[in-house]
Amino acid sequence: MKEFFGWDGYAREPEGFMSLEHILFVTALMAIMACLAIVLGRRNRHADERQKNRVLVTAAILIDSFELFKIVLLCFRGKDPWAWLYTLPLFMCSILLIAIPLAAFSKGRVREAALDFVLIFGLLGAVLGTYGAGNNYGSYPVLSFDNVVSGITHSISGFSSLYIGISGMASLKRKNLPITFAVLLGFAVCAMIANGLLDYNYMFLVRGDGTPYDILYNLVGGHPILYPMGVILLFLLYIAAFYGVYYLIHARAGRKTSPVKTA
């Protein structure tokens, strides 16, 4: 257990990013995530909103509990009371630590926007934070505290996204699109400020660190302005594309189910 929690550093060599151990571990997490979301989502699809929300409340409590436990342990493990400064919810995936509780506990338009945000980014964050987490799996053994907790929290994000979609909780109203853009841009600004003050890499706005962001980083030659602008632009384009595909599917579904007019 001492080795699992990494109290004196990890004695084991990391199996490596995209190693067989990495792929098997995250695939198992994704399979559990998908199965739970499908079973619970289908079961509650025609339930009332209160019953649907109970699952989301549980997910919100679990994801923040795991994250809080991780932060506390890292502070004690490194004997640094300021270690929390480097675990702020300013990564793209970390925004879900706030968005999921907002979706579960808020009301009105804030709740609608939060549900949409989790639907749009939860599954993307789950995939990028597990299969694409070269920064974690290249640095720590697969079965270690850092990677296991990261895998669990990212899986909860993906579960919440799938569950919201399958159970029919999201609205994806066009009027909430500016809120989604504003939330993303607000977090990006906060991340850039934190990066400057702490010399860190929140939201991977400074460099790719072994993640798929390295593709864009290398494409622009690590330009200090073009690279972060490109990262933010990709997120905005992803939101727009998600909305576009959603409405395209619904439009086609509506045409297929519309009654045929007869003379």
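Quick caveat, the model's predicted, so the values are computed rather than measured. (Residues numbered from 1 in each chain as written. Predicted model: local features only at pLDDT ≥ 70, side-chain atom pairs only at ≥ 80, totals over all residues. Heavy atoms only, no water.)

Q: Sorry, what's going on with the packing of aromatic side chains here?
A: Per the counting criterion, the structure on display carries 19 aromatic pairs. Feature note: the residues Y86, F91, F117, F121, Y200, Y202, F204, Y213, F235, Y238 and F242 constitute an aromatic cluster, connected by ring pairs. (Phe/Tyr/Trp six-rings, centres within 6.5 Å; stacked < 30°, edge-to-face > 60°.)

Q: Is there a simple way to think about the confidence of the model for the protein chain in this case?
A: Should the pLDDT be low somewhere, the predicted coordinates at that spot are not to be read in detail. Residue-level pLDDT values for the protein chain average 89, and 96% of them are 70 or greater. For the protein chain, the element scoring lowest by mean pLDDT is helix α10 (residues 226-257), at 83; helix α2 (residues 20-44) scores highest, at 96. (pLDDT = per-residue confidence, 0-100. Helix = DSSP H or I, 4+ residues; strand = E, 2+ residues; numbered from the N terminus.)

Q: I would appreciate a short explanation of the packing of helix α3 (residues 49-77) against helix α7 (residues 145-167) in the present structure.
A: Describing two packed helices takes the angle between their axes plus the distance from one axis to the other. It is the contact of α3 with α7, at a shortest axis distance of 10 Å, that shows an interaxial angle of 165 degrees. Compared by their axis directions, α3 and α7 come out roughly antiparallel. For the crossing formed where α3 meets α7, the hand is left-handed. A breakdown of the residues in the contact of α3 with α7 according to their chemical character gives 16 nonpolar, 5 polar and 5 charged. (Axes fitted to C-alpha atoms, helices over the stretch in contact; angles between N-to-C directions. Parallel < 35°, antiparallel > 145°, perpendicular 65-115°, else oblique. Left-handed = near helix turned anticlockwise from the far one by under 90°. Nonpolar A, V, L, I, M, F, W, Y, C, P; charged D, E, K, R; others polar.)

Q: Where do I start with the environment of F91 in this structure?
A: For F91, the location among the structural elements is in the loop between α3 and α4 (96-105). Residues F91 and A191 lie 100 residues apart in sequence; the distance between their C-alpha atoms is 7.6 Å. For F91, the contacting residues outside a window of four places in its chain are Y200, N201, Y202, M203 and F204. (Contact = heavy atoms within 4.5 Å.)

Q: Just to check I follow, could you spell out α4 for this structure?
A: For an α-helix, the turn length of 3.6 residues means that residues three or four places apart are oriented alike. Counting buried residues in α4 gives 7 out of 10 residues, a clear majority hidden from the surface. Those residues of α4 that sit buried are L96, L97, A99, I100, P101, A103 and A104. Looking at the buried positions of α4, the neighbouring elements they touch are α3, α5 (108-128) and α7. (Buried < 20%, exposed > 50% of the residue type's maximum accessible area, 1.4 Å probe, protein only.)

Q: I would appreciate a short explanation of the side chain of S161 in the present structure.
A: Relative to the helices and strands, S161 resides in helix α7. For S161, a relative accessible area of 4% translates into the label buried. At a separation of 2.8 Å, a polar atom in the side chain of S161 contacts the main-chain carbonyl oxygen of L119. (Polar contact = N/O pair within 3.5 Å; in protein donor to acceptor, adjacent residues only side chain to side chain.)

Q: Whenever I open this one, the layout of surface pockets confuses me. Can you help?
A: Taking a probe equal in size to a water molecule and rolling it over the atoms shows the remaining empty space. Taken as a whole, the largest pocket holds about 900 Å³ of empty space. Surrounding the largest pocket, 38 residues form its lining, K70, F91, N135, N136 and Y200 being those nearest its centre. At the level of secondary structure, the elements contributing two or more residues to the lining of the largest pocket comprise α3, α5, α6 (134-137) and α7. (1 Å grid on protein atoms, 1.4 Å probe; cavity = no way out; pocket = protein on both sides within 12 Å on 5 of 7 lines; lining within 4 Å. Points joined across faces, edges and corners; volume = space filled by probe spheres on them.)

Q: Before we go on, may I ask you to explain a nonpolar patch on the surface in this structure?
A: Residues W7, L68, V72 and F76 make up a contiguous nonpolar surface patch of about 420 Å² in total accessible area. Secondary-structure assignment places L68 in helix α3. (Patch = residues over 30% accessible without salt bridge, like charges linked within 9 Å, V, L, I, M, F, W, Y side chains within 5 Å. Areas by Shrake-Rupley, 256 points an atom, 1.4 Å probe, with all protein chains shown as cover. Salt bridge = Lys/Arg side-chain N within 4 Å of Asp/Glu carboxyl O.)

Q: In this structure, what is going on with the side chain of N44? I would like to understand it.
A: As for its placement among the helices and strands, N44 is situated in helix α2. Ignoring any residue separated from it by four or fewer positions in sequence, one finds N44 in contact with Q51, K52, V55, Y163 and S167.

Q: Before we go on, may I ask you to explain the pattern of salt bridges in this structure?
A: Note on pairing: side chains with opposite charge can pair once their charged atoms come close. Using the criterion set out here, one finds 8 salt bridges in the structure. In this structure, D8 and K2 form a salt bridge, with 2.9 Å as the shortest nitrogen-oxygen distance. For the pair shown, D8 and K2 are each scored as exposed. Between D209 and R207 there is a salt bridge, and its shortest N-O distance comes to 2.9 Å.

Q: Help me out: how do you make sense of unusual backbone geometry in this one?
A: Even without glycine at this site, M18 takes up a positive phi of about 65 degrees. Structurally, M18 is set in the loop between α1 (2-5) and α2. The exposure class assigned to M18 is partly exposed, which follows from its relative accessible area of 44%. Look at L172: it is not a glycine, yet its phi comes out positive at around 50 degrees. As for its placement among the helices and strands, L172 is situated in the loop between α7 and α8 (177-198). Judged by relative accessible area, which is 0%, L172 ranks as buried.

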